[in-house]
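Single-letter residue listing:
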Amino acid sequence: MIGPDPLDLCGQVAFVTGAGQGAGRAIALALAQHNAGGVAVNDFVAARAAAVVEEIRALGVPAMAAPADVGDCVSVKTAMAAAAQALGPITLLVNNAGNAGPTAAMGLSPPFWETEPQDWDRYFRTNLHGVMNCCHVALPGMVAQGKGRIVTVISDAGRIGDAGLVAYSAAKAGAAGFVRAIARETGRYGITSNAISLSTLEPPLDEADMAEFLASDRTRAQLSRYVIRRFGKPDDVASMVLFLCSDAASWITGQTYPVNGGYSFAQ
């Protein structure tokens, strides 16, 4: 590279939720590769977080596992306090944990009128309340430091709506609105808050299973809705998170960026 790294994070400490696998793992590694001063790897499954921590430490960057359910504010407070004590003040927060919560699998739901309130809770607990919990705990430290970056991963389901995922769409839309409100409330303290809206990422399959998956009629029909004819990869997400965490994005806040292969366009 000629000249300094425009995405240099200048030794700031990051806390990344849902970082034990997939996009969260890629985000944590990307931040480490661009001079994060430390990375706290959050995941509901402690073993997954520990494995990513070892990858980050192999890069020569301090890291620690911060297992917690982001839907539990007390657990978040404990995890962030331990991370700050071990690594230093947290000024980069990436709210990546999502889907249907820590233990449930995503899937299409029956029509909304056939569901019950208890069916919605798992989506709101992680995708909205989890984001609010993490920001609630992290923001006092950012305000005290006079700087901070918050990046929240939402979904095109929240931006444009998705049949069969009504509660999930509502939770992600709520998170996007929260991002904008926090941007207005914290900008005066040198803190930015932005969101990344995803569509489908590639499933974690081996080469043979991936070839079979991509050859199926269902997958081909789904891919036909993408201007760029592929699903997303974890690194696609990580690159945008890195940019929004860096000084290159210091005058950007309150925005939602689709990273979705053209599945839908921003207006």
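Look up: the structure comes first, before these words.
Computed from a predicted structure; not experimentally measured.

The rules behind these values
- Residues numbered from 1 in each chain as written.
- Predicted model: local features only at pLDDT ≥ 70, side-chain atom pairs only at ≥ 80, totals over all residues.
- Heavy atoms only, no water.
- Helix = DSSP H or I, 4+ residues; strand = E, 2+ residues; numbered from the N terminus.
- Buried < 20%, exposed > 50% of the residue type's maximum accessible area, 1.4 Å probe, protein only.
- Patch = residues over 30% accessible without salt bridge, like charges linked within 9 Å, V, L, I, M, F, W, Y side chains within 5 Å.
- Areas by Shrake-Rupley, 256 points an atom, 1.4 Å probe, with all protein chains shown as cover.
- Salt bridge = Lys/Arg side-chain N within 4 Å of Asp/Glu carboxyl O.
- Lys, Arg positive; Asp, Glu negative; His and termini not counted.
- Charge placed at Lys NZ, Arg CZ, Asp CG, Glu CD.
- Phe/Tyr/Trp six-rings, centres within 6.5 Å; stacked < 30°, edge-to-face > 60°.
- Pairing = 2+ DSSP bridges.
- Core = buried A, V, L, I, M, F, W, Y, C linked by side-chain atoms within 4.5 Å.
- Contact = heavy atoms within 4.5 Å.
- 1 Å grid on protein atoms, 1.4 Å probe; cavity = no way out; pocket = protein on both sides within 12 Å on 5 of 7 lines; lining within 4 Å.
- Points joined across faces, edges and corners; volume = space filled by probe spheres on them.
- Nonpolar A, V, L, I, M, F, W, Y, C, P; charged D, E, K, R; others polar.

## Comments concerning the environment of V237
Then comes step 1: By secondary structure assignment, the location of V237 is in helix α9 (residues 234-245).
Then comes step 2: For V237, a relative accessible area of 0% gives the class buried.
Then comes step 3: A C-alpha to C-alpha distance of 10.0 Å links V237 and P258, two positions 21 residues apart in sequence.

## Here's the deal with a negative patch on the surface
Then comes step 1: On the surface, a cluster of negative charge is contributed by D206, E207, D209 and E212.
Then comes step 2: Within the element layout of this structure, D209 appears in helix α7 (residues 207-215).

## A word on a nonpolar patch on the surface
Then comes step 1: Taken together, F112, W113 and V166 make up a surface patch of nonpolar side chains, about 350 Å² in accessible area.
Then comes step 2: Note on placement: V166 falls in helix α6 (residues 166-186).
Then comes step 3: Looking at V166, the relative accessible area reads 37%, which means it is partly exposed.

## Structural notes on the packing of aromatic side chains
Then comes step 1: In total, this model carries 5 aromatic pairs according to the counting rule given.
Then comes step 2: Between Y226 and Y263 the ring centres are 5.1 Å apart and the planes differ by 40°, which places this aromatic pair in the tilted class. Placement of Y226 in the loop between α8 (217-223) and α9 and of Y263 in the segment after β7 (256-259) is noted, with a sequence separation of 37 residues between them.
Then comes step 3: Here Y263 falls in the buried class, since its relative accessible area comes to 18%.
Then comes step 4: Three or more aromatic residues joined by ring pairs form one cluster here, namely F213, Y226, F231 and Y263.

## Side note on the pairing of strand β2 (residues 38-41)
Consecutive residues of a regular strand have side chains that alternate between opposite faces of the sheet.
Then comes step 1: Taking every second residue as pointing to the same face, both faces of β2 are buried, with G38 and A40 on one and V39 and V41 on the other.
Then comes step 2: Pairing geometry for strand β1 (residues 13-16) and β2, over 4 bridges, is parallel. Bridge pairing in β2 places A14 opposite V39.
Then comes step 3: As judged from the 3 bridges shared by β2 and strand β3 (residues 63-65), these two strands associate in the parallel manner.

## With respect to the pattern of salt bridges
Then comes step 1: What the rule picks out here adds up to 8 salt bridges.
Then comes step 2: R125 is the salt-bridge partner of D69, the closest N and O atoms lying 2.7 Å from each other. You can see D69 sitting in the loop between β3 and α3 (73-87) and its partner R125 sitting in helix α4 (residues 117-145), a full 56 residues away along the chain.
Then comes step 3: Here D156 ties to R159 by a salt bridge, and the two come within 3.3 Å at their closest N and O atoms. Of this pair, D156 and R159 both sit in helix α5 (residues 156-160), 3 residues apart, roughly one helical turn.

## A word on the nonpolar core
Then comes step 1: Counting residues in each nonpolar core, the largest one holds 36 residues, and the members touching the most others are L31 and I56.
Then comes step 2: Looking at this core, the elements with two or more residues in it are β1, α1 (22-33), β2, α2 (46-58), β4 (90-95), β5 (148-155), β6 (191-198) and α9.
Then comes step 3: At 8 residues, α1 tops the list of elements feeding residues into this core.
Then comes step 4: Beyond its immediate chain neighbours, meaning those up to four positions away, L31 contacts L9, A14, V16, A36, V94, L242 and C245.
Then comes step 5: Listed in part, the 26 residues of the second largest apolar core include A83, C134, V137 and F178.

## Details of empty space enclosed by the protein
Then comes step 1: One pass over the structure, following the stated rule, counts 2 cavities of 30 Å³ or more.
Then comes step 2: Of the voids in this model, the largest cavity is the one considered here, and its volume is about 80 Å³.
Then comes step 3: The wall of the largest cavity is formed by S109, P110, F112, T115, D119, W120, Y123, G164, L165, V166, A167 and Y168.
Then comes step 4: Broken down by secondary-structure element, the contributors of at least two residues to the lining of the largest cavity are α4 and α6.
Then comes step 5: Taken together, the residues of the lining of the largest cavity break down into 8 nonpolar, 3 polar and 1 charged.
Then comes step 6: The space that makes up the second largest cavity amounts to roughly 30 Å³.
Then comes step 7: Of the residues forming the lining of the second largest cavity, the biggest block, 4 residues, is contributed by α4.

Any functional reading would require information beyond the geometric quantities listed.
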